[in-house]
Amino acid sequence: MRIHDTLTRRMETLEPLEPGHVRLYTCGPTVYDFAHIGNFRTYVWEDVLRRTLRHLGLRVTQVMNITDVEDKIIAKAVASGLRIGDVTEPFVQAFFEDLATLRIEAAEHYPRATEHIREMIDLASRLRANGHTYESQGSLYFRIASFPQYGRLSHLDRREIRVGARVDSDEYAKEDARDFVLWKAHREGEPFWESPFGRGRPGWHLECSAMSMKYLGETFDLHTGGVDNIFPHHENEIAQSEAATGRPFVKHWMHAAHLMADGEKMAKSKGNFHTLRDLLARGHDPRAIRFLLLSTHYRSPLNFTAEALGQAAAELQRLDDFTARLDREPAGEGRDDALDARVAAAAEEFRSSVAADLNVSGALAAVFRIVREGHSAMDRGELPRESREGLRLALRRADGVLSVLEAEREVLDEEVEALIARRTEARRAKDWAEADRIRRDLLDRGIVLEDTPQGVRWKRAVGGASGSS
Ligand code: AMP
Ligand code: ZN
């Protein structure tokens, strides 16, 4: 797969350190409130990335952190007299619900900051032992001057970094405006942990370095986020990780442009945001929201408007109408080789588009090519059964990446679909032993096949969901 790497600002080939296995870290939410759909643009894009890697036959280990200790959380807890866990828990649950609503595949790990304080203290201790830190008024800071490569990711020079550095109200006494806090001194009334540098709590940047390296190793393949994460967050992650280990932290970085509203980045602080729940309450279809969020290339800003959402819903309707028509119209026997070849070419176009830095416009064009092929064959009254199954399979495989088709279509996972297709192929070749073996294999997975004059039907032995393939 080719990707645009923020580090080199060029297209690079993603070659995993371990062949066939991509280790991916995606910065997650701070759980003091509901995430807004700007955040979900980033999470949906990362989901499309993850699904694309799998579509291309790669295994993915993805980690997304949950930041459950942070200034805004503490402020809320202090104001309401709650413990921070009581503030965060409902939003952690809401976040997982929202991920499921938007059909975002689960990552392999969702580590919480409060459960990894030990790892963060260890990392800060290594940095202290290596001479990269200083203490000031009870807090521990990273000294940027000790890491000359600082700024490589954001391509900022020293002066720009100095000007751009955020002055955090918690960072009382830094030697240099660019320095950032690793461990914040305890303040009365706030939660704290004991550490070799005194009572306190971890800084935000430290969390991501400690948790990514714990689950993915000291060097891993790919780290992503929104463009606002590049500086200072990701720059600081690189500095503290590489200064501690002496090794490269991450091979490739990818960043998504923002979801905009009223000409500005959608953000809580600007008040121009919608939560997913707001939109659902107003009757919008979550599939249309997902479709809108993924249909613009991730490196281009996307304007959120009611009109754009309406357009996404209309395109989705075209896809739904097509799959409904495929189910409805009778099909003749046999196959149409020329049609099959055109569908195969479109499926290949889909694959090569997503493999080219997630070119979703190209991928969607390929999907709609498949739809047009199907419609015109049905208009001619010539869509033989086997070609129809090929069309369905091509659409489902594409939907393994996009995940916008109707829910029923999702029940079969790709592996099962591939097996059904192979069985059809075996039967065509009169290889009955192979066809039987596949049927038994599917049965082991709880999938019961039934050959009917209308084609292969399947149902789940347990759970009752069913459909036709
Ligand atoms: P935050 O909770 O602000 O740390 O953001 C969580 C994730 O959402 C980060 O990867 C941000 O880059 C991303 N994000 C925040 N606002 C937007 C936006 N308007 N559009 C796209 N991504 C965003
Ligand atoms: Zn992060």
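Right above here is the structure, for reference.
As the structure is a prediction and not an experimental result, all values here were calculated from the model.

## Looking at the sheet that holds strand E13 (residues 302-303)
Line of reasoning, step 1. With mixed pairing, three strands are arranged side by side in an open sheet as E12-E11-E13. Two strands bound the open sheet, and with one partner strand each, they are strand E12 (264-265) and E13.
Line of reasoning, step 2. As defined by bridge partners, strand E11 (residues 259-261) adjoins E13 across two bridges and the pair is classed as parallel. Note that in E13 the partner of Leu259 across the bridge is Leu302.

## Here we look at the site of ligand 1
Line of reasoning, step 1. Close to ligand 1 lie 13 residues, the nearest being Thr42, Asp228, Asn229, Leu259 and Met266.
Line of reasoning, step 2. The separation between an oxygen atom of ligand 1 and a polar side-chain atom of Asn39 is 3.1 Å.
Line of reasoning, step 3. A distance of 2.5 Å is found between an oxygen atom of ligand 1 and a side-chain nitrogen or oxygen belonging to Asp228.
Line of reasoning, step 4. Alone, ligand 1 offers 480 Å² of accessible surface; in the complex the protein occludes 88% of this.
Line of reasoning, step 5. At the level of elements, helix H1 (37-55) and strand E9 (220-226) are the ones that each hand at least two residues to the shell around ligand 1.
Line of reasoning, step 6. Broken down by element, the residue count for the shell around ligand 1 peaks at four residues, all from H1.
Line of reasoning, step 7. Looking at the shell around ligand 1 residue by residue, the classes come out as three nonpolar, eight polar and two charged.

## Some words on the packing of helix H11 (residues 337-355) against helix H13 (residues 385-402)
Line of reasoning, step 1. Close contact between H11 and H13 brings their axes to 9 Å; oriented N to C, the two are set at 5 degrees. Accordingly, the angle class assigned to the pair H11 and H13 is roughly parallel. Across the interface between the two elements, Leu339, Asp340, Val343, Ala347, Phe350 and Val354 of H11 pack against Ser387, Gly390, Leu391, Ala394, Ala398, Val401 and Leu402 of H13.
Line of reasoning, step 2. Here the contact of H11 with H13 is composed, by residue class, of ten nonpolar, two polar and one charged.

## Digging into the sheet that holds strand E10 (residues 250-256)
Line of reasoning, step 1. Taken in spatial order, the four strands make up an open sheet running E4-E3-E9-E10, and their pairing is parallel. The open sheet has two free edges, formed respectively by strand E4 (59-64) and E10, since each of these has just one partner strand. Each strand of the sheet is rotated relative to its neighbour by a mean of 25 degrees, with strand direction disregarded.
Line of reasoning, step 2. Taken together, the six bridges between strand E3 (residues 21-26) and E4 define a ladder with parallel strand orientation. Paired with Tyr25 across the bridge in E4 is Val63.
Line of reasoning, step 3. Contacts from H1 reach E3, E4, E9 and E10 within the one sheet, and its direction differs from that of E9 by about 150 degrees.

Conventions adopted
Residues numbered from 1 in each chain as written. Chains lettered and ligands numbered in written order. Predicted model: local features only at pLDDT ≥ 70, side-chain atom pairs only at ≥ 80, totals over all residues. Heavy atoms only, no water. Pairing = 2+ DSSP bridges. Helix = DSSP H or I, 4+ residues; strand = E, 2+ residues; numbered from the N terminus. Near = heavy atom within 4 Å. Polar contact = N/O pair within 3.5 Å; in protein donor to acceptor, adjacent residues only side chain to side chain. Areas by Shrake-Rupley, 256 points an atom, 1.4 Å probe, with all protein chains shown as cover. Nonpolar A, V, L, I, M, F, W, Y, C, P; charged D, E, K, R; others polar. Axes fitted to C-alpha atoms, helices over the stretch in contact; angles between N-to-C directions. Parallel < 35°, antiparallel > 145°, perpendicular 65-115°, else oblique. Contact = heavy atoms within 4.5 Å.

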